[in-house]
Amino acid sequence: MNVALIAIGVGLIFFIVTYNSLVHKKNQIENAEGSLDAVLKQRFDLIPQLIEVAKQYMTHEEVLLSKIIELRSRATKSHDLAEKDGLDKQMQKELKGLMVNVENYPQLLSNNNFTQLQEAMTDLEKNISASRRFYNTAVVEFNTAIEMFPGFMLRGLMGLAKKERFSVGEDEKIIPNTRELFKK
Amino acid sequence: MDLKKNFSTFFLQKVRNKLVLLDQDGQKALRLFWIFEFILILLLYKGINSFSKGIRISPLDLIHVSLTIFIILTTINAKLSFLRYKKKYKDNILEILFKELLEDYAFFHRLYLSEDEYKKSLLFQGEYNQFSGEDLVEGKIQGVSFRMSELSVIYNSRNRSKRNKTVIFKGIMIVSPGSQKFKNETVVEPDILEKNFGGFMGRFLRKVEFSKLPVVYVESPEFEREFKVMGSDQVEARRVITPRMQEHLMELVHKSKMRFGMSLANNQISIALPTKKNFFDPPYFSSCVETKTLKEIIIIFDLLVSIHDELEKL
C-alpha cells in the first residue's frame, strides 16, 4: 500500500514538473512572438516617414515606392505573425532596391531626416533579426520537449503541436566550424 | 610598431638586454631567499625542540640565537631584494611594453579596479569579504579606453574551528566604457557544466542551477559548449551575441588559449580572465628572459580591442 502511494506521489510530481516545463516553453514562444511583433510594428511605423522623405526627391521611383507602401499596408492589416514576417521580408527586399537607387539622388543622401531614418531602420533590422532568432530558439526548445520523453506523453493531453520556425537571413546563419567537423 | 607581427624585433631590440641584466639580480635574490628560508626553518625547528625540553642557557644556545637573528635579518634583506627585483621588472620591462602598445597610459603598482567596477560587471555573483588587487593600468589602445588590474576576491568563513577560503575570482579584469545602444545586461561566462558533463546533461543542469539572469540559448553548439550566455533581455542579448560574434569569440578562445568571460552591463564592457599566478610579476622559479609573459599581455589587449571592434559593428 505504501509503495503504491509513493509511486503515485512520484508520478504526480513527475507529471506536474513536465506539465509546467511545457507551459513555460509555450509561453516563451508567445513571449518571442510578442517581441517580434513589437519590433515589426516599429518598422512598419517608420516606413511612411521614410517614403514621405524619399518621394520629395525620387520622382522616378513611384512604382517601387508604391510597392513598398502596399506591402506595408498588407502587413499592418494582417493578424498572423508568420504572414507579417513574410511580408516584412518582401518589403526588406524592395527597400534594399530602393537604397541602391538612392545613390542616384545625392540631395536625398545628404538630407538629415533621411539619414536618421536610415539609421533607425538599420537598428530595427538588427532587432528584428535578434527577435527572429529568439523565436526560433524558443520553437526548437518547445519542439524538442514535446518530441522527447516525458513531454511526448502529455502532448496529446495538452493539445500541443510542433511549431514552424521562421527562415533566417544570411547574417543569422552559423557557418559550420570545419575544425570541429574534422574532429568528429 | 605592430607588436603582434613584429614582436621578435621589439623583444630583441628593446627588451632582451634589460631582461638579461635584471635576471642576474633576480636569480641571485631568489637563490639567497630560498637558501636562508630553508636554514631559518631548520634553526627555528631546532630551537623550538630544545626549548620544549626546558630552558637552559649555554654558550651553544647563545650562538644558536645569534645565528637565528642573523638569518632572520638576511632573509628579510633577501625578501626586500626580491621585491626590488619585482619592481624593476615592472618599471623597466612592462613600462617599455605599455609605451609601445598604449596611448596616454598610467601604471600604478599598488592600485586596482574599484569594487563598483567589479560589481557593475555582473560577472561574479558570490558574496565576498576580501577585495584586493594590484597593478592598475589605464589608458587607450587603438582608440579604446580601458582600465585593467589584477583582482583577488575572496570569501573567508569560519566553520567551528576550521577556516574556509573561497576564491570568487582571481585574475585580470578589464573594463571599458560601453555603448549607449545597449540598455540591458548581457553576460557571457565560461560554461563549466556543458564542458564537464556533456551537451545533454550540461543543458539539463544549466536549467536547474541558479543564474543571476535568465539563460539565453544561442545557435552555435560549439559556442554553447564553451560559454553560457545570460541576459535580462532575450532580444538584446541575441543582438549582442550574433552568430558572427559567436564565431569571433570562439576564434579568440582558440587563438588565446585562455578562458574568459565578458559582459555588457551598466554602460560598461567587462572582460575577466582567471589566472593562477600574479600576472604582471616576473617568473619566480625560472629565468625572466622569456617572452611568454609579454606575449600573454599583448594577447589580453588584443582580446579587448577585438571584442570592442566587434561590438561597434552591432
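Residues numbered from 1 in each chain as written. Chains lettered and ligands numbered in written order. Predicted model: local features only at pLDDT ≥ 70, side-chain atom pairs only at ≥ 80, totals over all residues. Heavy atoms only, no water.

## Focus on the packing of aromatic side chains
Between two aromatic rings, the relevant description is the distance of the centres plus the angle of the planes.
Residue and element names in this part refer to chain B.
1) Next: Enumeration over the complete set of coordinates arrives at 22 aromatic pairs over all chains.
2) Next: Taken together, a centroid distance of 5.6 Å and an interplanar angle of 90° make the contact between Tyr118 and Tyr128 edge-to-face. Of the two residues, Tyr118 is situated in helix α3 (residues 115-121) and Tyr128 in the loop between α3 and β2 (130-141); the sequence distance between them amounts to 10 residues.
3) Next: Here Tyr118 falls in the buried class, since its relative accessible area comes to 3%.
4) Next: Judged by its relative accessible area of 19%, Tyr128 is buried.
5) Next: Measuring from ring centre to ring centre gives 5.9 Å for Tyr128 and Phe131, while their planes differ by 40°; the resulting arrangement is tilted.
6) Next: Among the aromatic side chains, those forming a connected cluster through ring pairs are Phe98, Tyr105, Phe107, Phe146, Phe279, Phe280 and Phe301. (Phe/Tyr/Trp six-rings, centres within 6.5 Å; stacked < 30°, edge-to-face > 60°. Helix = DSSP H or I, 4+ residues; strand = E, 2+ residues; numbered from the N terminus. Buried < 20%, exposed > 50% of the residue type's maximum accessible area, 1.4 Å probe, protein only.)

## Some remarks on the pairing of strand β4 (residues 162-177) of chain B
All names here are of chain B.
1) Next: Pairing of strand β3 (residues 144-159) with β4, which is carried by 13 bridges, proceeds in the antiparallel orientation. In the strand pairing of β4, Arg147 is matched with Val175.
2) Next: The turn joining β3 and β4, which pair antiparallel and follow one another in sequence, is formed by 2 residues; a positive phi near 55° is taken by Arg160.
3) Next: Relative to strand β9 (residues 268-274), β4 runs antiparallel, the two sharing 7 bridges. Within β9, the position partnered with Ile172 by the bridge is Leu273. (Pairing = 2+ DSSP bridges.)

## Some thoughts on the side chain of A:Glu61
Residue and element names in this part refer to chain A.
1) Next: Within the fold, Glu61 resides in the loop between α1 (2-57) and α2 (62-77).
2) Next: Here Glu61 sits buried without a salt bridge, and the closest side chain of opposite charge, Lys67, lies 12 Å off (N-O distance).
3) Next: Within the structure, the side chain of Glu61 is placed 3.0 Å from the side chain of Tyr105, a separation counted as a polar contact.
4) Next: With residues near it in sequence (within four places) discarded, Glu61 still touches Asn101 and Tyr105. (Lys, Arg positive; Asp, Glu negative; His and termini not counted. Salt bridge = Lys/Arg side-chain N within 4 Å of Asp/Glu carboxyl O. Polar contact = N/O pair within 3.5 Å; in protein donor to acceptor, adjacent residues only side chain to side chain. Contact = heavy atoms within 4.5 Å.)

## Re the packing of helix α5 (residues 112-147) of chain A against helix α6 (residues 151-158) of chain A
Residues and elements named next belong to chain A.
1) Next: Contact geometry for α5 and α6: axes closest at 5 Å, N-to-C directions at 100°. By the angle class used here, α5 and α6 are roughly perpendicular. Contacts between α5 and α6 involve Ala145, Ile146 and Glu147 from the first element and Gly151, Phe152 and Arg155 from the second.
2) Next: Residues of the contact of α5 with α6, tallied by class, amount to 3 nonpolar, 1 polar and 2 charged. (Axes fitted to C-alpha atoms, helices over the stretch in contact; angles between N-to-C directions. Parallel < 35°, antiparallel > 145°, perpendicular 65-115°, else oblique. Nonpolar A, V, L, I, M, F, W, Y, C, P; charged D, E, K, R; others polar.)

## Considerations on the pattern of salt bridges
All names here are of chain A.
1) Next: In the structure shown here, the tally under the stated rule is 23 salt bridges over all chains.
2) Next: Between Lys84 and Asp37 there is a salt bridge, and its shortest N-O distance comes to 2.8 Å. Of this pair, Lys84 sits in helix α3 (residues 81-102) while Asp37 sits in helix α1, placing them 47 residues apart in sequence.
3) Next: Looking at Lys84, the relative accessible area reads 14%, which means it is buried.
4) Next: In this structure, Asp85 and Lys89 form a salt bridge, with 2.7 Å as the shortest nitrogen-oxygen distance. Placement of the pair is Asp85 and Lys89 together in helix α3, with a separation of 4 residues, close to one helical turn.
5) Next: For Asp85, a relative accessible area of 2% translates into the label buried.
6) Next: Using a relative accessible area of 27% as the deciding quantity, one classes Lys89 as partly exposed.

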